[in-house]
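Residue-level listing of the chains:
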Amino acid sequence: MKIALAGNPNCGKTTMFNALTGRNERVGNWAGVTVDKKEACIKQSFTPENEKLIIVDLPGAYSLSAYSNEESITKDFILKEKPDVIVNIVDATNLNRSLFLTTQLIELGIPVVVALNKIDLADKKGNRIDIPALSQTLKVPVLRTISTKNSDNGLPELIKAVLAAGKSDQIQRAAFAKNDKQRYTFINELVREVERKKLSSDQQTKQDQIDRIVAHKWLGIPIFAAVIYLVFSISQAWVGPFLADYFVGWIDRLYEVVASLLGEGVNPVLTTLLLDGIIGGVGAVIGFLPLIMVLFFCLALLEDCGYMARVAVVMDRFFKKVGLSGKSIVPMVIGTGCAIPGIMSTRTIKNERQRRTTAMLTPFMPCGAKLPIIALFAGVFFAEKAWVGTSMYFLGIIVIFFSALIIRKITGDYSRSYFIMELPEYRIPSLKRAVISMFSRAKAFIIKAGTIILVCNAVIHLLQTFDWRFQVVPESAPETSILASIAMPLAVLFIPLGFGIWQFAAAAVTGFIAKENVVGTLAVTFAITNFFDMEEFTLVGSSTEVGTVLGLTSVAALAYLVFNLFTPPCFAAIGAMNSEMESRKWLGGAIAFQMGMGYSLAFLVYQFGTLFTTGSFGEGFAAGLIIVFTVVASVIILMRRSTGRRQIKTNVQVVKS
Amino acid sequence: MSGMDWIVAGVITLIIFLAVSKILKDRKSGVKCTGCSCAGSCDQRATSGNCAE
């Protein structure tokens, strides 16, 4: 039996889907988190007779009229695939808005069961809903559900009702007015009859009062900056490193145990491959796990309490000015976890140019994979770590803003769209959901470290161990290795950026496979097994000492960080860009644009940073200036060509008229 | 190569083999990025669940 979960955005469909199936799909306290349908089997505990029930989670829809792409997915699934039963999830705190879709679903002739979800919130507000009366009028079963609760949540009763409705031959169908206006009148009257609302103007005013400050057009930005700074302080300065110290201690112990087991007698190539290439390389990346877990825990709390939806509202007015809309913020916020789902969620944007631009710019927001790079360079080179992460987020927003402006000029599409977002109510964030989100990210991070990062580190180590005649490279001449000979020509290009060192060039290239590889490759090439160890590679040492080990100045380290954050994302994210953009021309342009942006920004950071700190420009200034000038000139030519095309179009229109 | 060398080489090969086979298995089942932190949202299996599996 196939059961579809349908309802308005943010009514709790995915939360119910997760509760019924045991899956761990992304949920969020705002509309538009689910953009595609998802299927899974129901947990056996809900079907004592072991019946085969497939649950389909559909994107939120206000009606079957399909005004947006995700509403089309819902409409198409219900109308074409005809599920056996539809569970219509109705937000009990907002009956008026939810029942329009309910009436449309009932008319389809498919058995419908209404789940009055978030009933606990309605109860808390003092609202009373006459469920038997509602059920009688709609002629469908109506049940109370609280998907967020583990027990006494009404879900077993819901599944019982679903099974009964699915097996019943008789479908009672209520008739509703065809005219939308009359239908709304009917719904309003029905809600007046069945719902007793306790009007609490105080509570409304409190929510509004908070919004007046948090979502204020000017105050909203410094508040957002302060919140992100606090999140980075907690994750990378206060709690994160404290936990990382313990965690890295375990990795060190593993390293020591394996080293003692191997002893002196084993071939040194094999010993170093296992110890430095595999355990050391993977361990260096895994060492950042506690910092990442704390960061995602904090971000999940922010999202769950309803704050991130306000950030979208604050940013909307700025993004509108550069040809994007508030809808573009949703992929960018999702992209802070991982660029791939962020890019995938751009499909909710109807305007093609806006969708492609958003897919192109979403990777500029630092994703989870880039966090170890931020944490490494912030921790190693800068005493005050939290500002580095915060400034990278804000630099990402500024870069997105200017890039959108440039792309709008290049494409010549000045169309504007409007963003309406239903703001979720503020609520106390769920620790359980934050912990689940944190562990799911941690699991993904460990899997990635144990697969892609491990294989890359092993390959990098082998390439560094041998020369082209497959002879072991002497310790005194690492530049004769295969890796060095491949990376050196690339390193020349990076001299104007301050990091013309082959190890850094190799790390930047492996970063395209997975961004965490940057840290792993640096660990392997510099033979550093952990970036937290006070003796081996001190975090408390001055940046000059650390710079001597790596051969970098603090300014060059910042330029390297900027380069890695703003050049194209990993191959998997580029694949997602390809499928969402549906244009090879746009994809090629996006990669070239990201490459040019990363290089130019790193050049500016290094050269002007060096000028500011030493009084003169850094090495390779003239060569770098030529490259950056070529990038800027290409962009200007493209923008002017588009302006020319537009003028010709306008002239043709004038002549025609 | 001594006996111990062969054992260590075998362990390294096994570790790399397991990692590569996990990546290939994920590719086959439609997962675009092994272990990316998208929390399953790019997992193709999520859109084609089958109780029989």
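Only a predicted model underlies this, so the values are computations on that prediction, with no experimental measurement involved.

Conventions adopted
Residues numbered from 1 in each chain as written. Chains lettered and ligands numbered in written order. Predicted model: local features only at pLDDT ≥ 70, side-chain atom pairs only at ≥ 80, totals over all residues. Heavy atoms only, no water. Helix = DSSP H or I, 4+ residues; strand = E, 2+ residues; numbered from the N terminus. Rg over C-alpha atoms; globule rule 2.2 N^0.38 Å. Contact = heavy atoms within 4.5 Å. Lys, Arg positive; Asp, Glu negative; His and termini not counted. Charge placed at Lys NZ, Arg CZ, Asp CG, Glu CD. Buried < 20%, exposed > 50% of the residue type's maximum accessible area, 1.4 Å probe, protein only. Areas by Shrake-Rupley, 256 points an atom, 1.4 Å probe, with all protein chains shown as cover. Axes fitted to C-alpha atoms, helices over the stretch in contact; angles between N-to-C directions. Left-handed = near helix turned anticlockwise from the far one by under 90°. Nonpolar A, V, L, I, M, F, W, Y, C, P; charged D, E, K, R; others polar. pLDDT = per-residue confidence, 0-100. Salt bridge = Lys/Arg side-chain N within 4 Å of Asp/Glu carboxyl O. Pairing = 2+ DSSP bridges. Phe/Tyr/Trp six-rings, centres within 6.5 Å; stacked < 30°, edge-to-face > 60°. Lys NZ or Arg CZ within 6 Å of the ring centre and 35° of its normal. Parallel < 35°, antiparallel > 145°, perpendicular 65-115°, else oblique. Domains from an automatic or database assignment. Expected span 1.5 Å × (residues − 1). Core = buried A, V, L, I, M, F, W, Y, C linked by side-chain atoms within 4.5 Å. Patch = residues over 30% accessible without salt bridge, like charges linked within 9 Å, V, L, I, M, F, W, Y side chains within 5 Å. Polar contact = N/O pair within 3.5 Å; in protein donor to acceptor, adjacent residues only side chain to side chain.

Participant: Tell me about the overall build of chain A, and please be specific about residues and values.
Facilitator: Counting secondary structure elements, chain A contains 26 helices and eight strands. Taken over C-alpha atoms, the radius of gyration comes to 28 Å for chain A, in line with the 26 Å a tight globule of 657 residues would show. For chain A, the spread of C-alpha atoms along the three principal axes comes to 85 × 80 × 50 Å. If you take every contact in chain A between residues at least 6 apart in sequence, the share linking residues at least 24 apart comes to 74%. The averaged location of the 50 negative side-chain charges in chain A is 11 Å from the averaged location of its 64 positive side-chain charges.

Participant: Tell me about the overall build of chain B, residues and numbers included.
Facilitator: A tally of regular secondary structure across chain B gives one helix and zero strands. Here chain B holds 53 residues, and 36% of them are scored as buried. Surface summary for chain B: the accessible area is close to 3100 Å², and the carbon and sulfur share equals 66%.

Participant: Lay out the packing of helix H18 (residues 431-465) of chain A against helix H21 (residues 517-525) of chain A in plain terms, naming residues and giving numbers.
Facilitator: Residue and element names in this part refer to chain A. Contact pair H18 / H21: the axes reach a minimum separation of 9 Å and the direction vectors enclose 35°. As for how H18 packs across H21, the hand of that crossing is right-handed. Contact residues: Ile452, Ile453, Cys456, Asn457, Ile460, His461 and Gln464 in H18; Asn517, Gly520, Thr521, Val524 and Thr525 in H21. Taken together, the residues that form the contact of H18 with H21 break down as five nonpolar, seven polar and no charged.

Participant: I'd like a description of the confidence of the model for chain A, backed by residues and values.
Facilitator: All names here are of chain A. Chain-level statistics for chain A give a pLDDT mean of 87 and a share of 93% at 70 or above. Mean pLDDT across the elements of chain A ranges from a minimum in helix H22 (residues 543-550), with 64, to a maximum in helix H25 (residues 584-614), with 96. Per-residue pLDDT stays below 50 along residues 534-542; that stretch engages in 22 contacts with residues further than four places along the chain or on separate chains.

Participant: So, the pattern of salt bridges: which residues are in play, and what are the values?
Facilitator: Under the counting rule described, the total for this entry stands at 19 salt bridges over all chains. The partner of Arg433(A) in a salt bridge is Asp304(A), and the shortest N-O contact between them spans 3.1 Å. Note that Arg433(A) is positioned in helix H18 and Asp304(A) in helix H11 (residues 289-304), a separation of 129 residues in sequence. The residue Asp26(B) makes a salt bridge to Lys22(B) at a minimum N-O spacing of 3.2 Å. Of this pair, Asp26(B) and Lys22(B) both sit in helix H1 (residues 3-28), separated by four residues, roughly a single helical turn. We classify Asp26(B) as buried; its relative accessible area is 7%. Since its relative accessible area comes to 31%, Lys22(B) is described here as partly exposed. What you see here is one network of salt bridges that share partners, running through Asp91(A), Arg97(A) and Lys118(A).

Participant: Talk me through the sheet that holds strand E3 (residues 54-57) of chain A; I want residue IDs and the actual numbers.
Facilitator: Residues and elements named next belong to chain A. Strands sit in the order E2-E3-E1-E4-E5-E7 across an open sheet of six strands; the sheet is mixed. In the strand order of this sheet, the two ends are held by strand E2 (38-41) and strand E7 (142-144), each with one partner. Within the sheet, the average angular offset between the axes of one strand and its neighbour, ignoring direction, is 25°. Sheet topology note: the E2/E3 ladder contains four bridges and is antiparallel. Counterpart to Glu39 in the pairing with E3 is Val56. Sheet strands touched by helix H5 (residues 131-138): strand E5 (112-117) and E7. Its angle to E7, the strand with the most contacts, is close to 150°.

Participant: Can you explain the packing of aromatic side chains? Please cite residues and give values.
Facilitator: Residue and element names in this part refer to chain A. All chains considered together, the criterion is met by 21 aromatic pairs over all chains. Between Phe382 and Trp387 the ring centres are 5.6 Å apart and the planes differ by 75°, which places this aromatic pair in the edge-to-face class. Classification of Phe382 by relative accessible area gives buried; the value is 14%. When the centroid spacing of 4.7 Å and the interplanar angle of 75° are considered together, the rings of Phe499 and Tyr560 count as edge-to-face. In this pair, Phe499 sits in the loop between helix H19 (482-493) and helix H20 (502-510) while Tyr560 sits in helix H23 (residues 554-566), placing the two residues 61 residues apart along the sequence. Residues Phe499 and Tyr560 agree in their burial class; the two are buried. A network of ring pairs unites the aromatic residues Phe377, Phe381, Phe494, Phe499, Phe504, Phe526, Tyr560 and Phe563 as a single cluster. One cation-aromatic arrangement involves Arg183 over Phe100; the distance from NZ or CZ to the ring centre is 5.9 Å. Sitting over the face of the ring of Tyr426, Arg310 holds its NZ or CZ atom 3.9 Å from the ring centroid.

Participant: Just give me the short version of the packing of helix H24 (residues 571-581) of chain A against H25(A), but keep the residues and values in it.
Facilitator: Residue and element names in this part refer to chain A. It is the contact of H24 with H25, at a shortest axis distance of 8 Å, that shows an interaxial angle of 140°. For the element pair H24 / H25, the angle class is oblique. For H24 against H25, the interelement crossing comes out right-handed. Mapping the contact onto sequence places Ile574, Met577, Asn578 and Met581 in H24 and Arg584, Trp586, Leu587, Ala590, Ile591 and Gln594 in H25. Tallied by class, residues from the contact of H24 with H25 come to seven nonpolar, two polar and one charged.

Participant: Please set out the domain arrangement of chain A residue by residue, giving values where relevant.
Facilitator: Segmentation of chain A into domains returns domain 1 (2-199) and domain 2 (221-644). For domain 1 of chain A versus domain 2 of chain A, the distance between C-alpha centres works out to 41 Å.

Participant: A description of helix H17 (residues 386-411) of chain A should follow, citing residues and the corresponding values.
Facilitator: With 26 residues, H17(A) ought to run about 38 Å at 1.5 Å a step, and its terminal C-alpha atoms sit 37 Å apart, in line with that. Gly412(A) sits one or two positions beyond H17(A) and adopts a positive phi of about 70°.

Participant: Tell me about the nonpolar core, and please be specific about residues and values.
Facilitator: Residues and elements named next belong to chain A. Formed by 152 residues in total, the largest nonpolar core has its most connected members in Leu361, Phe377 and Phe504. It is H11 that contributes the most residues to this core, 13 residues altogether. In this structure Leu361 touches Leu324, Met332, Ile400, Ser403, Ala404, Ile407 and Phe593, once residues within four positions along its chain are discounted.

Participant: Before we move on, can you summarise unusual backbone geometry with the specific residues and values?
Facilitator: Glycine aside, the phi torsion of most residues is negative, and most peptide linkages are trans. Residue and element names in this part refer to chain A. Despite not being glycine, Lys118 shows a phi value in the positive range, around 55°. Mapped onto the secondary structure, Lys118 falls in the loop between E5 and helix H4 (119-124). The phi dihedral of Lys139 is positive, around 60°, even though this residue is not glycine. For Lys139, the location among the structural elements is in the loop between H5 and E7.

Participant: Tell me what's going on with a positive patch on the surface, and back it up with residues and numbers.
Facilitator: Residue and element names in this part refer to chain A. Among the surface-exposed residues, Lys585, Arg641, Arg645 and Lys649 lie close enough to one another that they form a single positively charged patch. Ranked by residues supplied to the positive patch, first place goes to helix H26 (residues 621-656) with three residues. Looking at the secondary structure, you find Lys585 in helix H25.

Participant: Could you give me a rundown of the side chain of Ser98(A), with the residues and numbers involved?
Facilitator: Relative to the assigned elements, Ser98(A) resides in helix H3 (residues 95-106). Of the residues examined, Ser98(A) reaches a relative accessible area of 2% and is grouped as buried.

Participant: Could you give me a rundown of the environment of His216(A), with the residues and numbers involved?
Facilitator: Residues and elements named next belong to chain A. If you trace the backbone, His216 turns up in the loop between helix H8 (201-214) and helix H9 (220-262). Overall, the relative accessible area of 31% leaves His216 in the partly exposed class. Between the alpha carbons of His216 and Val311 there is a distance of 9.9 Å; along the sequence they are 95 residues apart. Once you skip the residues sitting within four places of it in the chain, His216 turns out to touch Asp211 and Val314. Reaching out from His216, the side chain makes a polar contact with the backbone nitrogen of Leu219 at a distance of 3.0 Å.

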